[in-house]
Amino acid sequence: MRVYVPLTLPGLAAAHKAGEIGPGPLTAYAVTPGLREWYVSDDIEELEYAALNRAASASLRLIAGNPEAVRRRVVVAVDVPDGVAVADPDRSLDSSSLGEVRIASSVALTEAAAVHVDADDAEKDVTAAAAALGAADLGDDDAQFTVDGAEDHELLWFGIQEIPNLIG
């Protein structure tokens, strides 16, 4: 099963140094029954893209909580055995947790398929989005517009062998 783990660049650096993403439990995003129902598509690539975007939003929350983090969203795509990533059935229809899964323990970085990171030109919008997140959560439409501005940036794809260059 492909899961998308939200991180920050410092989190990616720590994972690279340790050789694993963790410790567990980890929150990740995947194509879950709830995400399938919400997205209403049978196209696995579209569904995985939706899960990736959910993880990118979670990465933005991690950035907002860490003033030292570089303002670029990071998502690591990892392949885990079926059954390792578990969705909470009590939250399956909660829109804030669509696609969310838990992984009980750390995951070896060698299981990563790719790393997705914002381009440098996204930093201004990601910075503004991280600052506006709290107000957006409280229903401020202008703040939500600012948060949505970060989502306009596509994450770039990198191979795991490129992690040293990303965190360098």
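Residues numbered from 1 in each chain as written. Predicted model: local features only at pLDDT ≥ 70, side-chain atom pairs only at ≥ 80, totals over all residues. Heavy atoms only, no water.

**Considerations on helix α3 (residues 44-64)**
Because an α-helix packs 3.6 residues into every turn, residues spaced three or four apart end up facing the same way. Spanning 21 residues, α3 covers 30 Å between terminal C-alpha atoms, matching the ideal 30 Å at 1.5 Å per step. Among all positions in α3, only L47, A50, A51, L52, A55, A56, A58, S59, L60 and I63 are buried. The N-terminus of α3 is capped by D43, whose side-chain oxygen sits 2.9 Å from the backbone nitrogen of E45. (Helix = DSSP H or I, 4+ residues; strand = E, 2+ residues; numbered from the N terminus. Expected span 1.5 Å × (residues − 1). Buried < 20%, exposed > 50% of the residue type's maximum accessible area, 1.4 Å probe, protein only. Polar contact = N/O pair within 3.5 Å; in protein donor to acceptor, adjacent residues only side chain to side chain.)

**Some thoughts on unusual backbone geometry**
The peptide bond linking G22 to P23 adopts the cis configuration, its omega dihedral lying at 5°. Among the structural elements, P23 can be located in the loop between β2 (20-21) and β3 (26-29). Put simply, G24 and P25 share a cis peptide bond, and its omega is 0°. Along the polypeptide, P25 turns up in the loop between β2 and β3.

**Re the side chain of R72**
Tracing the backbone shows R72 in the loop between α3 and β4 (74-79). A distance of 2.8 Å separates a polar side-chain atom of R72 from the backbone oxygen of D118. Contacts of R72, omitting those with residues within four sequence positions, involve L9, I63, V117, D118, A119, D120, E123 and V126. (Contact = heavy atoms within 4.5 Å.)

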